[in-house]
There are 2 protein chains.
Amino acid sequence: MEKSNVQVPLRERDISSTKDISQAVITRLPRYFRYLGDLKDAGVERISSQELSRIMRVTASQVRQDFNHFGGFGQQGYGYNVEYLYVEIAKILGLNQLHRLIIIGAGNLGQALANYMNFEKRGFIITGIFDINTELIGEKIRNIPIQPMEKMKSFVQENDVDIAVLTVPKSSAIKVAEQLVECGIRGIWNFAHIDLEVPDNVLVENVHLSDSLMKLSYLISK
Amino acid sequence: MEKSNVQVPLRERDISSTKDISQAVITRLPRYFRYLGDLKDAGVERISSQELSRIMRVTASQVRQDFNHFGGFGQQGYGYNVEYLYVEIAKILGLNQLHRLIIIGAGNLGQALANYMNFEKRGFIITGIFDINTELIGEKIRNIPIQPMEKMKSFVQENDVDIAVLTVPKSSAIKVAEQLVECGIRGIWNFAHIDLEVPDNVLVENVHLSDSLMKLSYLISK
């Protein structure tokens, strides 16, 4: 068999080593958080697992199972306290602490993400932007200067950056990811159209926009 | 199950049978397509299900099961023909036909997506951009004028638009989605931070960026 040049994605994270929580549960957590925020804003104080299940479009049993991974969050008979549940899920999601982000790649997508204020409301603070394009160096996005790639490593280490947002082309993503691993980054939010290979202690969350659009194309083409 | 040693042409797809295909399989299809494109570009002509499974990080049995949903794509002993598989999966994904897109919401994200050329390479043609902000009306992105929302319905119907990219704030997403349904849109690529309720004949693919970032936050906070 011919050897392929294709990058091999990191194996599925072994969630079992961290409390047996499945990817499906983890994926639902931000949705719970989003809906609870809406309920809280609407002045709702308590909600039953039945009602929450209807909003989430899962079974009430699934809601209770999901919450049991994290201690249960209160009695079923009286329903859940919305404010309490919201705060507890925020903690589980790590939203009770600030996250310092850098964006690598100041192209269209990198700029759009840098300009998106809502991430900051959740404690995701963009502290640095980096690009290889020398013409962009010194330009500012929301008062954050674009810096050359050579500055990235020291910046990450001196500014307690824990997440890197990767919006570089596929061709340079692997090299940049290697540099980020060397920097000691903890998480990579990867928008490059490639699956990255990184050590187990670095977490990658992919946003493959083209994959998503092709999936929609499939669904409407049936 | 095809047992012949000669590669057989794919039989006519049974459209009804594709209704039973799970979300997990559908989600893997664009990844197969992406890796097969990389293999093709690297000059690889044939690949075994074992090798493909290694790249895809699923079992070889899973690869064969996935492909059996679509007729199998040829015989296991000699492996799959990469070019053939690439073309066939492109067809399944609906990439053998052009898709005409509009973007609704010409903010940072809408502009970034409008400027992203790679979608066009796959046949996704952005034909119109719409916004409620009167100051943006008449401005152009890649020579596509930004039009007022009032023009959307007639534009969709007159220009054979099948996909709407929704990059409006959460607060207006539901109303715009309702208008899109009335327009007869077939697919909505939803970036608004809300889950849309639409009739069954309209397909929605969500890109919830904040959910994705919170998931990463969870993973690095463990």
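Keep in mind the model is a prediction, meaning the values are calculated, not measured.

**Student:** Got a minute to help me understand the overall build of chain A in this structure?
**Tutor:** What chain A contains, in helices and strands, is 9 helices and 9 strands. Scored against the burial criterion, the 222 residues of chain A give a buried share of 54%. Considering only intrachain contacts with a sequence separation of at least 6, the fraction spanning at least 24 residues in chain A is 58%. Carbon and sulfur atoms make up 47% of the accessible area of chain A, which amounts to about 10600 Å² in all.

**Student:** Help me understand the packing of helix α1 (residues 23-41) of chain A against helix α3 (residues 60-68) of chain A, please; the structure alone is not making it clear to me.
**Tutor:** Two quantities define a packed helix pair, namely the angle between the axes and the distance from one axis to the other. All names here are of chain A. Two elements in contact, α1 and α3, have axes separated by 11 Å at closest approach and are oriented at 100 degrees. Judged on the interaxial angle alone, α3 and α1 are roughly perpendicular. Along its contact with α1, which presents V25, R28 and Y32, the element α3 presents Q62, V63, D66 and F67. For the contact of α1 with α3, the residue count by class is 4 nonpolar, 1 polar and 2 charged.

**Student:** Could you clarify how one ought to interpret α3 of chain A in this entry?
**Tutor:** Residue and element names in this part refer to chain A. Three or more residues of α3 are buried, namely A60, V63, D66 and F67. Buried positions in α3, seen along its axis, are confined to an arc of 120 degrees and lie on one side of it. In the core, the buried residues of α3 are packed alongside α1, α2 (49-56), β2 (80-81) and α4 (82-92).

**Student:** Just checking my understanding: could you explain α4 of chain A for this structure?
**Tutor:** Since one α-helical turn is 3.6 residues long, residues separated by three or four positions face the same way. Listing the buried residues of α4 of chain A in full gives V82, L85, Y86, E88, I89, A90 and I92 of chain A. Each element contacted by the buried residues of α4 of chain A is listed here: α1, β1 (46-47), α2, α3 and β2 of chain A together with α9 (209-221) of chain B. A distance of 3.0 Å separates the backbone nitrogen of E83 of chain A from a side-chain oxygen at the start of α4 of chain A, and that oxygen is part of N81 of chain A. Looking one or two residues beyond α4 of chain A, the residue adopting positive phi is G94 of chain A, at roughly 75 degrees.

**Student:** Looking at this model, I keep getting lost on the pattern of salt bridges. Mind explaining?
**Tutor:** Using the criterion set out here, one finds 19 salt bridges over all chains in the structure. A salt bridge links R28 of chain A to D66 of chain A, with the shortest nitrogen-to-oxygen separation between them at 2.7 Å. In this pair, R28 of chain A sits in helix α1 while D66 of chain A sits in helix α3, placing the two residues 38 residues apart along the sequence. D66 of chain A matches R28 of chain A in its accessibility class, with the two residues each being buried. Residue R57 of chain A is joined to E197 of chain B by a salt bridge in which the shortest nitrogen-to-oxygen separation is 3.8 Å. Linking R57 of chain A in the loop between α2 and α3 with E197 of chain B in the loop between β8 (187-190) and β9 (203-206), this pair reaches from one chain into another.

**Student:** What is the right way to look at the pairing of strand β3 (residues 99-104) of chain B in this model?
**Tutor:** Across a regular strand the side chains alternate sides, sitting on one face of the sheet and then on the other. Residues and elements named next belong to chain B. For β3, the buried fraction is high: 5 of the 6 residues fall into the buried class. Direction of pairing for β3 relative to strand β4 (residues 124-131): parallel, over a ladder of 6 bridges. In the sheet register, I102 faces β4, and the bridge partner there is G128. In this sheet, strand β7 (residues 163-166) lies alongside β3 in parallel orientation, the contact comprising 4 bridges. Across the sheet, the residue bridging to L101 is I163, located in β7.

**Student:** Would you explain the side chain of S212 of chain A in this entry?
**Tutor:** Here S212 of chain A lies in helix α9 (residues 209-221). Those residues in contact with S212 of chain A that lie beyond four places of it in its chain are W189, E205, N206 and V207 of chain B.

**Student:** I'm lost on the sheet that holds β3 of chain B in this one. Help?
**Tutor:** Strands in a sheet are paired, the pairing made by backbone hydrogen bonds, and the direction either parallel or antiparallel. Residues and elements named next belong to chain B. Taken in spatial order, the 7 strands line up as β5-β6-β4-β3-β7-β8-β9 in an open sheet, and their pairing is mixed. Edge positions in the open sheet fall to β5 (140-141) and β9, since each of these has one partner strand only. When β5 meets strand β6 (residues 144-148), the two strands line up antiparallel, connected through 2 bridges. By the bridge assignment, K140 is partnered in β6 with P145. Contacts between helix α8 (residues 170-183) and the sheet are confined to β3, β7 and β8, with β7 contributing the most and set at about 170 degrees to the helix.

**Student:** In this structure, what is going on with unusual backbone geometry? I would like to understand it.
**Tutor:** Among all residues except glycine, the phi angle is most often negative; among peptide bonds, the trans geometry is most common. All names here are of chain B. Within the chain, N143 stands out as a residue other than glycine whose phi angle is a positive 70 degrees. Relative to the helices and strands, N143 is located in the loop between β5 and β6. Accessibility expressed as a relative area gives 63% for N143, which makes it exposed. One non-glycine residue, D160, lies in positive phi territory at about 55 degrees.

**Student:** Just checking my understanding: could you explain the interface of chain A and chain B for this structure?
**Tutor:** A common measure of how large an interface is: the accessible area buried when the components associate. Of the residues lining the interface, 73 residues belong to chain A; the matching set on chain B comes to 75 residues. Between R31 of chain A and D195 of chain B there is a salt bridge, with the nearest N and O atoms lying 3.5 Å from each other. Where chain A meets chain B, there are 33 residue pairs in polar contact (both at pLDDT 80 or more). Where the side of chain A that touches chain B is concerned, the elements lending two or more residues are α1, β3 (99-104), α5 (108-115), β8 (187-190), β9 (203-206) and α9 of chain A. A total of 13 residues in the side of chain A that touches chain B trace back to one element, the largest contributor, which is α9 of chain A. Across the side of chain A that touches chain B, the residue classes break down as 38 nonpolar, 19 polar and 16 charged.

Reading guide: rules and limits
- Residues numbered from 1 in each chain as written.
- Chains lettered and ligands numbered in written order.
- Predicted model: local features only at pLDDT ≥ 70, side-chain atom pairs only at ≥ 80, totals over all residues.
- Heavy atoms only, no water.
- Helix = DSSP H or I, 4+ residues; strand = E, 2+ residues; numbered from the N terminus.
- Buried < 20%, exposed > 50% of the residue type's maximum accessible area, 1.4 Å probe, protein only.
- Contact = heavy atoms within 4.5 Å.
- Areas by Shrake-Rupley, 256 points an atom, 1.4 Å probe, with all protein chains shown as cover.
- Axes fitted to C-alpha atoms, helices over the stretch in contact; angles between N-to-C directions.
- Parallel < 35°, antiparallel > 145°, perpendicular 65-115°, else oblique.
- Nonpolar A, V, L, I, M, F, W, Y, C, P; charged D, E, K, R; others polar.
- Arc of directions from axis to C-beta.
- Polar contact = N/O pair within 3.5 Å; in protein donor to acceptor, adjacent residues only side chain to side chain.
- Salt bridge = Lys/Arg side-chain N within 4 Å of Asp/Glu carboxyl O.
- Pairing = 2+ DSSP bridges.

Note that all results are geometric; they support no functional claim without further evidence.
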